[in-house]
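Results of the structural survey
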Amino acid sequence: MLRGALIGCGFFAMNHLHGWKQAEGVEIVAICDRSPERLKIAGDTFGISARYSDAAEMLKKEKLDFVDIATTVPTHRALCELVASHKLPMICQKPFAPTLDDAKAIIAACEKAGVPLMIHENFRWQSAIRKVKQVMDSGEIGDVFWGRISFRSGYDIFSGQPYLAEGTRFIVDDLGVHVLDVARFLLGDVKAVSARTTRVNPNIKGEDVATMLLDHGAGLTSVVDCSYSTKQEPEGFPETVIELDGTKGSLRLNLGYQLKVTAPSGTRFHDVSPPLLPWASKPWHNIQESVALIEQHWVDCLQNNKEPATSGRDNIKTFALVEAVYQSAASGQTVALAPLLA
Ligand code: NAD
Ligand code: 89V
């Protein structure tokens, strides 16, 4: 049984703890949060008695196999470097780090310590998105030459995550990072990006609408678009809509988790709704399911010495895309990815 510790017991960490409880071969034996209230809620809800307000103290005292970091981004580098100094494998929530240089430093610290690093980039683990990948990989729609990955909503994200209203960067940093990762997962790495962003909601500091054109090379392009200012019926939160055109057919993942596949054999429909896990609640259940799946993947990777799908080395390519989008939106120019990853 792997022994894990969780740092950060806030809003989203409750999903981590439910996911860990459901996962096989793992137990969260200690938790840490600077806030006594958050520690008490998490500790009492999940029956965890080893509680710490200081991560350094927890790492000194506990016998652990890994650490799960679920704090917000300003703390990621310091906490990852601390965990690496104890030579422990770690998961770090998205977004990876405050800057690209910080993300590179985290990767370097983990490689120097010889420990695995997984970024908790969970959208690609949503079962509807995995079904899309499965259809693509079957070859029945042929070679995909165009895609659109879209997340548009008017959901009040700020009540659960108030810090999102405060940053000068918002939707690309917080949500776009997931949607850009889905684009990479389905269509491959990106060579260059061109983007435009704007702020519609006057009550927040950052941008809440973004439109991005990705060049995946070899003529394959995709459009990634995100909005938190879209009033629509039905409300789409938190679903990712996907359109793919291939040389033999096409695929549409529409709102309501309805997948339409057009292939040479005809058109068919699949309901790819995620399961409602016993601890989950709508409309968050697709995200909650993906948390459980990525955590089980981590256990599998640690037990079998495999590299996580969203390792630091993989996820920095998604994180660099976010930086490229902001650079392109600011300059109005197309931005190449290679220099950012050098
Ligand atoms: P939050 O503010 O509710 O929780 C963060 C917690 O970390 C707080 O309780 C805070 O006291 C604690 N904390 C901060 N620094 C600490 C430190 N040095 N030591 C110990 N505890 C510390 O934030 P949240 O909404 O839960 O978001 C946390 C992270 O999860 C963010 O990076 C966010 O982007 C990410 N997130 C991911 C998803 C997803 O689908 N992957 C969804 C929501 C949030
Ligand atoms: O990932 C996040 O931090 C969330 C959500 C998935 C809703 O975008 O804000």
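What you see is a predicted model, and the numbers here were worked out from it, not measured in a lab.

1. A word on the site of ligand 1
- Taken together, 24 residues surround ligand 1, and among them Phe12, Asp33, Lys94, Asn122 and Tyr163 come closest.
- At 2.6 Å from an oxygen atom of ligand 1 is found a side-chain nitrogen or oxygen belonging to Asp33.
- Within the backbone of Thr71, an N or O atom sits 3.3 Å from an oxygen atom of ligand 1.
- In isolation ligand 1 offers 860 Å² of accessible surface; the protein chains occlude 88% of this area.
- Partitioned by chemical class, the residues of the shell around ligand 1 number eight nonpolar, eleven polar and five charged.

2. A look at the sheet that holds strand E2 (residues 26-32)
- As summarised here, the arrangement of the six strands in space is E3-E2-E1-E4-E5-E6, forming an open sheet in which the pairing is parallel. On the outer flanks of this sheet lie strand E3 (51-52) and strand E6 (117-120), each paired with one strand and no other.
- Relative to strand E4 (residues 66-69), strand E1 (residues 2-7) runs parallel, the two being bridged by four bridges. Within E4, the position partnered with Leu6 by the bridge is Asp68.

3. A closer look at helix H4 (residues 76-85)
- Those residues of H4 not exposed but buried are His76, Leu79, Cys80, Val83 and Ala84. Buried residues of H4, seen end-on, are gathered within an arc of 135° and therefore sit on one face of the element. Exposed and facing more than 90 degrees away from the buried side of H4 are Ala78 and Ser85.
- Residues of H4 that are buried sit in contact with E1, helix H3 (55-61), E4, strand E5 (90-93) and helix H5 (100-113).

4. Observations concerning the site of ligand 2
- Taken together, Lys94, Phe123, Ile157, Gln161, Leu164, Asp174, Leu175, His178, Tyr228, Phe237, Trp284 and Ile287 form the complete shell of residues around ligand 2.
- In the environment of ligand 2, an oxygen atom lies 2.6 Å from a nitrogen or oxygen atom belonging to the side chain of His178.
- Relative to its free-state accessible area of 260 Å², ligand 2 is covered by the protein chains to the extent of 92%.
- No other element matches the three residues that helix H7 (residues 171-187) contributes to the shell around ligand 2.
- Classifying every residue of the shell around ligand 2 gives eight nonpolar, two polar and two charged.

Rules of the game
- Residues numbered from 1 in each chain as written.
- Chains lettered and ligands numbered in written order.
- Predicted model: local features only at pLDDT ≥ 70, side-chain atom pairs only at ≥ 80, totals over all residues.
- Heavy atoms only, no water.
- Near = heavy atom within 4 Å.
- Polar contact = N/O pair within 3.5 Å; in protein donor to acceptor, adjacent residues only side chain to side chain.
- Areas by Shrake-Rupley, 256 points an atom, 1.4 Å probe, with all protein chains shown as cover.
- Nonpolar A, V, L, I, M, F, W, Y, C, P; charged D, E, K, R; others polar.
- Pairing = 2+ DSSP bridges.
- Helix = DSSP H or I, 4+ residues; strand = E, 2+ residues; numbered from the N terminus.
- Buried < 20%, exposed > 50% of the residue type's maximum accessible area, 1.4 Å probe, protein only.
- Arc of directions from axis to C-beta.
- Contact = heavy atoms within 4.5 Å.

None of this, on its own, says anything about what the molecule does.
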